[in-house]
Amino acid sequence: MGPFVIIALLIIAVFALVFANIRIVPQSKAFVIERLGAYSATWETGLHVKIPFIERVAKTVSLKEQVVDFKPQPVITKDNVTMQIDTVVFFQITDPKLYCYGVESPISAIENLSATTLRNIIGELELDSTLTSRDTINAKIRVILDEATDPWGIKVNRVELKNIIPPREIQDAMEKQMKAERERREAILRAEGEKQSRILVAEGHKESKILEAEAEKQSAILRAEAVKEAKIREAEGEAEAIAKVQQASAEAIKLLNEANANEAVLKLKALEAFGKAADGQATKIIIPSEIQSLAGLAEGIVEAAK
């Protein structure tokens, strides 16, 4: 084997060795590197080359927020009620070195710490306060866990009480209480509905009376207008009749004047008018002097004819 072949093989071996020790760290990951068994560095996102046989990737750490659901833990309230409570912890690794070397089993440590903290907090509260103060309990547990996990390179973002399970007899009592509360609210709502219904009926009756009064008022106004119109029409008819009588009298006088009627004719006309008046129901009749003389003349004519 020639020297060139040996050199070529050495070059290939070197490239293969270098290529085998190239590491690409993906997004949201971190590599903890040890050199000869001791912590050396933390590789973040990008291309890295480790020293062969000397350095190694001790641990790959996820920098994403992680969720851990712990099993229910028995806790005792201040009024000696035993309940089962399970928690959910949201945490994020902020220091990969501390996470790798700070505690042997970080998740187990967080679980035990959260159980202990939960027992301490619930032990200071009574049952009713425990059931109604979930947000307060969550905030207290988060603060305690976040402070305790700082040396482990962990930040606790949120803690939630997933389920609070009281004893069976207390659950039955709570269900009865909630049922009674629902029935009470239903009765209140029903009473309110009936009250509103009565108010609406009264309002409708009132509105109906107002409309009836308005209709009666309009009807009375229309009747008064009709009577007024009738009287106006009647007065206009009488005025028109009087005007026509006066016009007829004027026409008659005009015709008499045109016919050159003498005094004797006029007196005869007056006598005719007096005769018509005498046909009435009057008990007293005043006879003008002209008619009296005319009556005497007529009597003389009658005697002469005889």
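Refer to the structure presented above.
Overview of the structure. (Residues numbered from 1 in each chain as written. Predicted model: local features only at pLDDT ≥ 70, side-chain atom pairs only at ≥ 80, totals over all residues. Heavy atoms only, no water.)

Glancing now at the sheet that holds strand E5 (residues 55-62). The strand order across the open sheet formed by three strands is E3-E2-E5, and the pairing between neighbours is antiparallel. Only two strands of the sheet have a single partner each, and these edge strands are strand E3 (38-43) and E5. Mean inter-strand twist for the sheet, computed between neighbouring axes without regard to direction, equals 25 degrees. Relative to E5, strand E2 (residues 29-35) runs antiparallel, the two being bridged by seven bridges. Among the inter-strand pairings, Lys 29 is bridged to a residue of E5, identified as Ser 62. (Pairing = 2+ DSSP bridges. Helix = DSSP H or I, 4+ residues; strand = E, 2+ residues; numbered from the N terminus. Axes fitted to C-alpha atoms, helices over the stretch in contact; angles between N-to-C directions.)

Attention now moves to the nonpolar core. One finds Met 83, Ile 85, Leu 118, Ile 137 and Ile 141 to be the most contacted residues of the largest nonpolar core, which totals 30 residues. Contributing elements (two or more residues each) for this core: strand E8 (82-93), helix H3 (106-122), helix H5 (134-149) and strand E9 (154-165). Those residues in contact with Ile 141 that lie beyond four places of it in its chain are Thr 117, Leu 118, Ile 121, Val 159 and Leu 161. (Core = buried A, V, L, I, M, F, W, Y, C linked by side-chain atoms within 4.5 Å. Buried < 20%, exposed > 50% of the residue type's maximum accessible area, 1.4 Å probe, protein only. Contact = heavy atoms within 4.5 Å.)

Counted as a void, the largest pocket has a volume near 190 Å³. Every residue along the wall of the largest pocket is listed here: Leu 127, Asp 128, Leu 131, Thr 132, Ile 170, Met 174, Gln 177 and Met 178. When residues of the lining of the largest pocket are traced back to their parent elements, those giving at least two are helix H4 (127-132) and helix H6 (168-258). Of the residues assigned to the lining of the largest pocket, the class counts are five nonpolar, two polar and one charged. Considered as a void within the structure, the second largest pocket measures approximately 150 Å³ in volume. Every residue along the wall of the second largest pocket is listed here: Glu 34, Ala 58, Lys 59, Tyr 99, Cys 100, Tyr 101, Val 103, Glu 104 and Pro 106. When residues of the lining of the second largest pocket are traced back to their parent elements, those giving at least two are E5 and helix H2 (96-101). With three residues, H2 is the single largest residue contributor to the lining of the second largest pocket. When the residues that make up the lining of the second largest pocket are grouped by side-chain class, the tally is six nonpolar, no polar and three charged. (1 Å grid on protein atoms, 1.4 Å probe; cavity = no way out; pocket = protein on both sides within 12 Å on 5 of 7 lines; lining within 4 Å. Points joined across faces, edges and corners; volume = space filled by probe spheres on them. Nonpolar A, V, L, I, M, F, W, Y, C, P; charged D, E, K, R; others polar.)

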